[in-house]
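Listed here are the chains, written in short residue letters.
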Amino acid sequence: MGLQRYREKRDFRATPEPRGGKRALVSARRRFVIQKHAARRLHYDFRLELDGVLKSWAVPQGPSLELGDKRLAVEVEDHPFDYASFEGIIPEKQYGAGNVIVWDCGVYSPDEGQQYSFSNRAEAEERVRTELANGNLSFFLRGEKLKGSFALVRTTSDPRQWLLLKHKDRFANTGDVLSYNHSLLSGAVLDELTATPE
Ligand code: MN
């Protein structure tokens, strides 16, 4: 997909969001990030690093660790890799206007049963690409708030609509993980953000 759609939607003279570099950045391990975003409607942005960009889904209800919960995840445009550390205020009248915090982040790997034997980066990424193309990705998150095995499953009714769900493992539980509402970066909750001077 690339970053064209991402850039077309935004005016980088007006928004503090990163434009993204010409060259793709690659981290040593595959990163994931979840941002809590008080846009017109509050939602969580779920992002997985792949091929130098962040594959992105908007999750209106946010993720859940509870078995059986299926959270709608709407596929959106790829975001630049450096968006993973973006936290701030998107000004009024700009695309996605509202406050953004980094709610969770960490690394992920494709699932292979309960074993994580992808020592080869290229092999692991090929697995993720293939499963995304097939509309059924199993992956393991190592975050601060979210841990364990999850799946993203594309619905048959609309190719942009996926379901985010928890697999059964020792990290599944019925607690309300969304009640941990502080930013991993700053410790702020959403409405505590203040505009930073230019
Ligand atoms: Mn968003």
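Every value quoted in this text rests on a predicted model; they were computed, and no experiment measured them.

Engineer: So what exactly am I meant to see when it comes to the overall build of the chain here?
Structural biologist: Secondary structure summary: the chain contains two helices and nine strands in total. Relative to its 198 residues, the chain shows a buried fraction of 49%. Of the contacts made within the chain by residues no fewer than 6 positions apart, 62% connect residues no fewer than 24 positions apart. For the chain, the accessible surface area stands at approximately 10,600 Å², while carbon and sulfur atoms represent 49% of it.

Engineer: In this structure, what is going on with the nonpolar core? I would like to understand it.
Structural biologist: For soluble globular proteins, nonpolar side chains are generally found buried alongside one another. Among the nonpolar cores identified, the biggest contains 24 residues, and Phe46, Phe139 and Leu152 are the most heavily contacted of them. Taken together, the elements giving at least two residues each to this core come down to strand 1 (31-38), strand 2 (42-50), strand 3 (53-59), strand 6 (98-110), helix 2 (121-133), strand 7 (136-143), strand 8 (147-154) and strand 9 (161-166). Broken down by element, the residue count for this core peaks at four residues, all from strand 2. Those residues in contact with phenylalanine 139 that lie beyond four places of it in its chain are Phe46, Tyr108, Ser109, Pro110, Asp111, Gly148, Ser149, Phe150, Ala151, Leu152 and Leu164. The next biggest cluster of nonpolar side chains, apart from the first, holds 10 residues, and it includes Tyr6, Phe86, Ile90 and Val102.

Engineer: I keep staring at helix 2 and nothing clicks. Help me out?
Structural biologist: Each α-helix winds once per 3.6 residues, and so residues spaced three or four apart point in a common direction. Compared with an ideal rise of 1.5 Å per residue, which puts 13 residues at 18 Å, helix 2 spans 18 Å between its outermost C-alpha atoms and is within 8% of the ideal. For helix 2, every residue scored as buried is listed here: Ala124, Glu125, Val128, Glu131 and Leu132. Each buried residue of helix 2 lies within a common arc of 130 degrees when the element is viewed along its axis, so the set occupies one face. Of the exposed residues in helix 2, those oriented more than 90 degrees away from the buried face are Ala122 and Ala133. Those residues of helix 2 that are buried lie in contact with strand 2, strand 3, strand 6, strand 7, strand 8 and strand 9. Looking one or two places after helix 2, you find glycine 135, whose phi comes out positive at around 75 degrees.

Engineer: I tried to follow the pairing of strand 2 on my own but got confused; where do I start?
Structural biologist: A large share of strand 2 lies buried, amounting to eight of its nine residues. Hairpin connection between strand 1 and strand 2: a loop of three residues separates the two successive antiparallel strands. For strand 2 and strand 3, the ladder comprises seven bridges, and the chain directions are antiparallel. Pairing of aspartate 45 across the sheet is with alanine 58, part of strand 3. Hairpin connection from strand 2 to strand 3: two residues lie between these consecutive antiparallel strands, with aspartate 51 at a positive phi of about 55 degrees.

Engineer: Got a minute to help me understand the pattern of salt bridges in this structure?
Structural biologist: Side chains that differ in charge, positive against negative, can pair when their charged atoms come close. For the structure shown, the criterion picks out 12 salt bridges. With a closest N to O distance of 2.8 Å, glutamate 126 and arginine 129 form a salt bridge. A residue pair is termed a helical-turn pair when its members lie 3 or 4 positions apart in one helix, as glutamate 126 and arginine 129 do in helix 2 at three residues. Here glutamate 126 falls in the partly exposed class, since its relative accessible area comes to 40%. Via salt bridges that share partners, Lys9, Arg10, Glu17 and Glu77 belong to a single interconnected network.

Engineer: Whenever I open this one, the coordination of the manganese ion confuses me. Can you help?
Structural biologist: Metal coordination angles have textbook ideals: 109.5 degrees for a tetrahedral set of four donors and 90 or 180 degrees for an octahedral set of six. Around the manganese ion, the protein contributes the donor atoms His37 (ND1), His43 (NE2), Asp45 (OD) and Asp45 (OD), at 2.1 to 2.8 Å from the metal centre. Written as a sequence motif, the donor arrangement for the manganese ion is H-x5-H-x1-D. Here histidine 37 matches histidine 43 in class, with each residue buried.

Engineer: I keep staring at the packing of aromatic side chains and nothing clicks. Help me out?
Structural biologist: Working definition: an aromatic ring pair is given by the centre-to-centre distance plus the angle between the planes. With the rule as written, the count across this model stands at 10 aromatic pairs. A centroid spacing of 6.5 Å and a plane angle of 40 degrees characterise the contact between phenylalanine 32 and phenylalanine 46, whose relative ring orientation is tilted. Remark: phenylalanine 46 occurs in strand 2 and phenylalanine 32 occurs in strand 1; sequence separation between them is 14 residues. Phenylalanine 46 carries the same exposure label as phenylalanine 32, and that label is buried. Centroid distance phenylalanine 46 to phenylalanine 139: 5.8 Å. Interplanar angle 35 degrees. Geometry classified as tilted. On the criterion of sequence distance, the pair formed by phenylalanine 46 in strand 2 and phenylalanine 139 in strand 7 is long-range, its members being 93 residues apart. Considered together, phenylalanine 46 and phenylalanine 139 belong to a single accessibility category, that of buried residues. Three or more aromatic residues joined by ring pairs form one cluster here, namely Phe32, Phe46, Trp57, Phe139, Phe150 and Trp162. The ring of phenylalanine 150 has lysine 166 sitting right over it, with the charged end atom 4.9 Å from the ring centre.

Thresholds, definitions, all that
Residues numbered from 1 in each chain as written. Predicted model: local features only at pLDDT ≥ 70, side-chain atom pairs only at ≥ 80, totals over all residues. Heavy atoms only, no water. Helix = DSSP H or I, 4+ residues; strand = E, 2+ residues; numbered from the N terminus. Buried < 20%, exposed > 50% of the residue type's maximum accessible area, 1.4 Å probe, protein only. Contact = heavy atoms within 4.5 Å. Areas by Shrake-Rupley, 256 points an atom, 1.4 Å probe, with all protein chains shown as cover. Core = buried A, V, L, I, M, F, W, Y, C linked by side-chain atoms within 4.5 Å. Expected span 1.5 Å × (residues − 1). Arc of directions from axis to C-beta. Pairing = 2+ DSSP bridges. Salt bridge = Lys/Arg side-chain N within 4 Å of Asp/Glu carboxyl O. Donors = N, O, S within 2.8 Å, 3.2 Å for Na, K, Ca; no water. Phe/Tyr/Trp six-rings, centres within 6.5 Å; stacked < 30°, edge-to-face > 60°. Lys NZ or Arg CZ within 6 Å of the ring centre and 35° of its normal.

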